[in-house]
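So you can see what is in the structure, the chains are spelled out below.
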Amino acid sequence: MANILVVDDEMGIRELLSEILGDEGHAITLAENAQQAREARAAGAPDLVLLDIWMPDTDGVTLLKEWQRDGLLTMPVIMMSGHATIDTAVEATRIGALNFLEKPIALQKLLKAVQQGLTRAQEVARAPMAAPRPVAAAAVPVADSGAGAASVAAAPMFAQAPQQMANGSRLVHAISQGEGTGYTLSFDLPLREARDAFERMYFEHHLGREGGSMTRVAEKTGLERTHLYRKLKQLGVEPGKLAKKGV
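The present account deals with the structure reproduced in this document. Residue numbers here run from 1 along each chain, matching the order of that chain's written sequence. With the structure being a predicted model, the display of local features is reserved for residues of pLDDT at least 70 and the display and counting of side-chain atom pairs for 80 or more, all residues being used for whole-chain, interface and lining totals. The side-chain values count all of the structure's non-hydrogen atoms but skip hydrogen atoms and water molecules.

**Some thoughts on the pattern of salt bridges**
- The term salt bridge refers to a side-chain nitrogen of Lys or Arg lying within 4 Å of a carboxyl oxygen of Asp or Glu. Inspection of every chain in the model, using the stated rule, returns 12 salt bridges.
- For Lys-109, the salt bridge identified is with Glu-224, shortest N-O distance 2.7 Å. Of this pair, Lys-109 sits in helix H5 (residues 107-126) while Glu-224 sits in the loop between helix H7 (214-221) and helix H8 (225-235), placing them 115 residues apart in sequence.
- To sort residues, take the accessible area from a 1.4 Å probe on protein chains only and compare it with the maximum for the residue type: under 20% means buried, over 50% means exposed, and anything in between is partly exposed. In this structure Lys-109 comes out as partly exposed when scored by relative accessible area, which is 42%. Helical segments are the DSSP runs of H or I of at least four residues, strand segments are the runs of E of at least two, and each set is numbered from the N terminus.

Have a look at this one:
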């Protein structure tokens, strides 16, 4: 049995999710707005949160940012919405949401997403006790600062601290978890270009890990396949080529 917090301003949605998940043996806490969700989180971290995006006082993405900023995003969060755009879904996953469900939510999709979230929570809880796996460090290229190109050995984590360059610009390096694939992203890019660059790296990472399987990537990123195809086309990412290269 898991403790699940359901945050949605629609009474019918709250009652329906409570009934479905209660029948699965979970203990459900209900919140109709962000303030009630804050109070529930302050009382203790649930095992999983189902969070609506559009709410009257504070929207779900803003609440997610608050939890991330305050170090309270220690549990899996699944976002829900019937009106959110692809950009909103991507932003939520970038902040830390595990998944995204479109309303009306199909029963099997709900149960599958909840199970994935609870499994992820268990994996994270066990992680500190597990023996560290040796991973070869990957060399990440660094932009030429005028003294010649250099390279740094990056630890196997998703994001390193930004590196200050001699000309005052900053670079952030990303390493695929447990893999040798590295990326470099400059903080000096215009916001739109930086966002597109991040999203391109994000989807290339997942496509590489899933062998180009659009179905599995859609599940991992919380996007419908149609939305995923459209997003990849917009970013110029070709799944077939990535699958062959094994990125």
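**Observations regarding the pairing of strand E4 (residues 77-81)**
- Across the 5 residues that make up E4, a large majority, 5, are buried.
- By this definition, two strands are paired if DSSP reports at least two bridges between them. Where strand E3 (residues 48-52) meets E4, 4 bridges bridge the pair, whose relative direction is parallel. What sits directly across from Asp-52, in E4, is Met-80.
- Following the backbone out of E3, through helix H3 (residues 60-69) and into the adjacent parallel E4, one traces a crossover that is right-handed. Here is how to tell: hold the view so the strands point away, follow the path from the first strand over the helix to the second, and if it runs clockwise the crossover is right-handed.

**Some words on the layout of surface pockets**
- Only protein atoms enter the 1 Å grid used here, on which a cavity is any set of points holding a 1.4 Å probe that cannot leave and a pocket is any open set flanked by protein within 12 Å on both sides along at least five of seven lines; residues with an atom within 4 Å of a point are listed as lining. Grid points are joined across faces, edges and corners, and a volume is the space filled by probe spheres set on the points. The calculated volume of the second largest pocket comes to roughly 350 Å³.
- Lining the second largest pocket are 18 residues, with Lys-109, Ala-218, Glu-219, Leu-223 and Glu-224 positioned closest to its centre.
- If you list the elements that add at least two residues to the lining of the second largest pocket, you get strand E5 (99-102), H5 and H7.
- Amino acid classes used here: Ala, Val, Leu, Ile, Met, Phe, Trp, Tyr, Cys and Pro are nonpolar; Asp, Glu, Lys and Arg are charged; the rest, including Gly, are polar. Residue classes in the lining of the second largest pocket are distributed as 8 nonpolar, 4 polar and 6 charged.

**A word on the sheet that holds strand E1 (residues 3-7)**
- With parallel pairing, 5 strands are arranged side by side in an open sheet as E2-E1-E3-E4-E5. Of all strands in the sheet, those with a lone pairing partner are strand E2 (27-31) and E5, marking the two edges. Taken pair by pair, the neighbouring strands of this sheet meet at an average axis angle of 20°, ignoring direction.
- By the bridge criterion, 5 bridges tie E1 to E2 in an arrangement that is parallel. Residue Ile-4 lies in a different strand from E2, and its bridge partner there is Ile-28.
- Its contacts with the sheet place helix H1 (residues 11-23) against E1, E2, E3 and E4, and it is angled at close to 170° to E2.
- Lying over the sheet, H3 contacts E3 and E4, oriented at roughly 140° with respect to E3. Axes here refer to lines fitted to C-alpha atoms; in helices the fit is confined to the stretch in contact. Angles between the N-to-C directions go from 0 to 180 degrees. Contacts between residues were defined by any pair of non-hydrogen atoms, one from each residue, lying within 4.5 Å.

**Let's talk about the side chain of His-26**
- Among the structural elements, His-26 can be located in the loop between H1 and E2.
- His-26 gets classed as buried once you look at its relative accessible area, which sits at 18%.
- Two N or O atoms count as a polar contact when they lie within 3.5 Å, although within protein this holds only if one can serve as hydrogen donor and the other as acceptor, and sequence-adjacent residues are included solely when both atoms are side-chain atoms. Polar side-chain contacts of His-26 include one of 3.2 Å to the backbone nitrogen of Ala-2.
- Setting aside residues no more than four positions away along its own chain, His-26 makes contact with Met-1, Ala-2, Ile-4, Leu-21, Val-114 and Leu-118.

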